[in-house]
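# Coordinate inspection notes
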Amino acid sequence: MNRIPKLLSKTKLLRGYRCLKCIYLTIHHPELEAPITPELQALFDQGNEVGAKAREYYPGGILIDNKPWDFGGALAKTRGLIAEGAHTIYEAAFSYAGCYARADIIKLNPETNRWRIFEVKSTTKVKPEHYDDLGLQAWIMAKSGMQMEQINVVHLNPECRYPDLSNLFKEVDVTEEIRNRYLSVQPKVSEIFATLKQTEVPNIDIGPYCHEPTECGFVEHCWKEKNIPTPSIFNLPRIQDRKWELYQDGIITLDDVRLTDLNELQMRVIQCFKTGERHIHAEAIKNEISTWQYPFIFLDFETINPAIPRYKGCRPFEQVPFQFSTHILSQSLDSEIVHKEFLHVTDDDPRDTLIPALLDACGDHGSIIAYHAVFEKGRIQALADYSSEHREALLKLLDRFVDPLPLIRETVYDNAFAGSFSLKYVAPALLGDAHSYNGMLVANGGDAQRAFEEIISQKTSPGRKELLITALIEYCKKDTLVMVELVKWLFDQ
Ligand code: SF4
């Protein structure tokens, strides 16, 4: 057992809110936690960026710039600033009874001599987990002696459109909700500290909280402990919350006879599991693909969705394409394959140059084939809204889309899909391991976004940019080439 730290940060305490085993493992068995993934790090960075931006909307404050681990320094500086009469403080630190929290922005109301809290969240609405977060924070602050009068969540405003960022943030007064929770905080905190003093890991089962609101870092450890096989009921497509009811009833494996009341797709998954055979409905495949028209244009976009919008007309988190790849088969599956691609590599708006290149690649006839086409169609609709010049031509593309994903979902299942119809599972399962994305520098949409951000950053060296540009081109090209092979496979059935 490790020593319990003198002060536990709000972030750690909230792990105890999620699950007492989580906080226990965090303190006593940190070696079992999965390392921070690049995706998670990108989320932290985004939160920091949004937090820093929000300070501009509450000007005149003083930043407590002590590092996150410098509890003592941040507390001393906060006390000093309050004693000196500071009226706005960023990242102020407070502690009470072993609990420690930093508030994004606090402002003193000189008329009442009470404080208002503004906690910045990089979301577009108040989420249920924000209440626990702010409830704990307000409790620590109140117990440390702060007189408060109002508690606000400051979130990104979905109505905001670049370049007018005057309404980038929206304040929501949650004082009443937090007041209603106030009395529940002390028992929760006491329970957390009592748990940490135990010599045994708390006996807590896995549950929805393992993945909500974010993935717990101990999932691999806890799920292995429970011997959950793959596949299991957790891999059944569209099973949603029912999987937890099944789990509670002890129904875990796909051959459990009590597994009933399933939809057609789920029954197919179970049938394949029991027989070990692949399911293919060849006639339905033929019926669908016989309606597709040459040239076949295989299309895939990569997009960026910055929390703080940076392109004209965009709202927070709006998806803007910066890259596409197309592979074109002009007359038949045996036609020579033509590749057309586009990658934006500077920090200006990608759409002005992407749209003409896209229209050129797609031409004016033939089926545009996109896996999960609803995404590509949504981006094209947004491009049409952006460009009055090309609106009509862009809208005409929409009717030409066909999508192998729903077709495969309806007609094909292989045990190697493990319940997922994502291209990353389907392609290697049907086409072989050569079509896996393993080992690629850019291997998924998140990697692509981070690579793009690095490419357009002034801080990135020319050598690194070259490497990332090559990796991005390879990745997007692979997505459409895999689709070509997948469609050839469908035609072979
Ligand atoms: S994986 Fe689930 S059970 Fe394990 S610590 Fe995390 S939340 Fe708790």
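All residue numbers refer to position in the chain's written sequence, counted from 1. Only residues with pLDDT of 70 or above have their local features reported here, since the model is predicted, and side-chain atom pairs are shown and tallied only from 80 upward, although totals for entire chains, interfaces and linings are computed over all residues.

### Quick notes on the site of the ligand
For the record, the criterion: By definition, a residue lies near a molecule or strand when the C-beta atom built from its backbone is within 6 Å of it. Numbering of helices and strands runs from the N terminus, with a helix taken as a DSSP run of H or I at least four residues long and a strand as a DSSP run of E at least two residues long. All residues other than Ala, Val, Leu, Ile, Met, Phe, Trp, Tyr, Cys, Pro, Asp, Glu, Lys and Arg, Gly among them, are scored as polar; the first ten of these are nonpolar and the last four charged. As annotated, the domain borders come from an automatic or database domain assignment.
The environment of the ligand is formed by 13 residues, the closest being C19, C22, C210, C216 and C222. Of all the secondary-structure elements, those providing two or more residues to the shell around the ligand are α2 (20-28) and α7 (219-225). When grouped by side-chain class, the residues that make up the shell around the ligand number eleven nonpolar, no polar and two charged. Structurally, the shell around the ligand is a two-domain feature, drawing no fewer than three residues from each of domain 1 (8-197) and domain 2 (208-278).

### Notes on the nonpolar core
The line we're drawing: The nonpolar core is taken to be a set of buried Ala, Val, Leu, Ile, Met, Phe, Trp, Tyr and Cys residues joined by way of C-beta atoms within 7 Å. Put plainly, a residue is buried at 20 or more neighbouring C-beta atoms within 10 Å of its own, exposed at 12 or fewer, and partly exposed in between, counting only other residues' C-beta atoms, which are placed from the backbone. Whether two residues are in contact is decided by their C-beta atoms, placed from the backbone, lying within 7 Å.
By size, the foremost hydrophobic cluster in this structure holds 55 residues, and its most contacted members are I297, I369 and L472. For this core, the element with the most residues is helix α17 (residues 462-492), which contributes nine residues. A domain split of this core shows at least three residues from each of domain 2 (208-278) and domain 3 (279-493). Discounting residues that sit within four places of it in the chain, I369 has contacts with F296, I297, F298, L299, V402, P404, M483 and V487.

### Comments concerning unusual backbone geometry
Between Y162 and P163 the backbone carries a cis peptide bond, its omega angle lying at 10°. In the Ramachandran plot, E91 falls in the positive-phi region, its phi being about 60° despite a non-glycine side chain. One can find E91 in strand β3 (residues 88-96). Among the residues examined, E91 registers 21 C-beta atoms within 10 Å and is labelled buried. Backbone geometry at D261 places phi at a positive 60°, although glycine is not the residue there. In this structure, D261 sits in the loop between α8 (242-248) and α9 (264-275).

### Here we look at the domain arrangement of the protein chain
Each assigned domain of the protein chain is listed here: domain 1 (8-197), domain 2 (208-278) and domain 3 (279-493). A C-alpha centroid distance of 39 Å is found between domain 1 and domain 3. Residue contributions to the side of domain 1 that touches domain 3 peak at seven residues, all from helix α3 (residues 38-55). Taken together, the residues of the side of domain 1 that touches domain 3 break down into nine nonpolar, three polar and four charged.

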